[in-house]
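Here is what each chain is made of, one letter per residue.
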Amino acid sequence: MEPILKEIQAKHDIRHAMAIDRTVMANERTLLSYANTSLALLVPGVSFLHFTDSVILGMIGVLFIPLSLMVFFWGFVRYRKKKKVINEERKMLQQMLQSEYCSTNVEQIDG
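Residues numbered from 1 in each chain as written. Predicted model: local features only at pLDDT ≥ 70, side-chain atom pairs only at ≥ 80, totals over all residues. Heavy atoms only, no water.

**Q** What should I look at first to understand the overall build of the chain in this one?
**A** For the chain, the count of helices and strands is two helices and zero strands. Residues counted as buried form 16% of the 111 residues belonging to the chain. Long-range contacts, defined as pairs at least 24 residues apart, comprise 69% of the intrachain contacts of the chain with a sequence gap of at least 6. Accessible surface, the chain as shown: approximately 8600 Å² in total, 67% of it carbon and sulfur. (Helix = DSSP H or I, 4+ residues; strand = E, 2+ residues; numbered from the N terminus. Buried < 20%, exposed > 50% of the residue type's maximum accessible area, 1.4 Å probe, protein only. Contact = heavy atoms within 4.5 Å. Areas by Shrake-Rupley, 256 points an atom, 1.4 Å probe, with all protein chains shown as cover.)

**Q** Looking at this structure, how should I read the packing of aromatic side chains?
**A** When we look at a pair of aromatic rings, we describe it by the centre distance and by the angle of the planes. Applying the stated criterion to the full structure yields two aromatic pairs. Taken together, a centroid distance of 6.3 Å and an interplanar angle of 40° make the contact between Phe 48 and Phe 64 tilted. Of this pair, Phe 48 sits in helix α1 (residues 3-51) while Phe 64 sits in helix α2 (residues 55-110), placing them 16 residues apart in sequence. Here Phe 48 falls in the partly exposed class, since its relative accessible area comes to 26%. (Phe/Tyr/Trp six-rings, centres within 6.5 Å; stacked < 30°, edge-to-face > 60°.)

**Q** Whenever I open this one, the pattern of salt bridges confuses me. Can you help?
**A** A side chain with one charge may pair with a side chain of the opposite charge, provided their charged atoms come close. The tally for this structure, following the rule as stated, stands at one salt bridge. Between Asp 21 and Arg 90 there is a salt bridge, with the nearest N and O atoms lying 3.0 Å from each other. In this pair, Asp 21 is assigned in helix α1 and Arg 90 in helix α2, connecting sequence segments 69 residues apart. With relative accessibility at 38%, the residue Asp 21 sits in the partly exposed group. The class of Arg 90 is partly exposed, set by a relative accessible area of 30%. (Salt bridge = Lys/Arg side-chain N within 4 Å of Asp/Glu carboxyl O.)

**Q** Help me understand the side chain of Ser 38 in this model?
**A** With respect to the helices and strands, Ser 38 occurs in helix α1. Judged by relative accessible area, which is 7%, Ser 38 ranks as buried. Beyond its immediate stretch of four places on either side in the chain, Ser 38 contacts Ser 68, Leu 69, Val 71 and Phe 72.

**Q** Even after reading the chapter, I still don't get the environment of Ile 60, so can you show me in this structure?
**A** As for its placement among the helices and strands, Ile 60 is situated in helix α2. The exposure class of Ile 60 is partly exposed, given its relative accessible area of 29%. As for Ile 60 and Gly 45, which are separated by 15 residues in sequence, their C-alpha atoms are 6.8 Å apart.

And the structure:
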């Protein structure tokens, strides 16, 4: 393989690895967004139950609390599924890089 092609391949591999890292961070940000939304629903729910005597606001509070738990659980499930896919992609990239560079090293030694 020519030196220029090796350099292009190495840059491509680095870009791919960095893309996976960006995806991991985006997945973590998404989980934090779900947690933020969950807290944004939980706080008014608890406040409506604790600080009001109104039946309607109490019912809204009773609805907000389980809704906030469902939002957090849904976000956590999505996070775990995406994390599994990302880890599989990372393993595939590592195997591809090892096989590519191992064969390149063998060719250089033999050549």
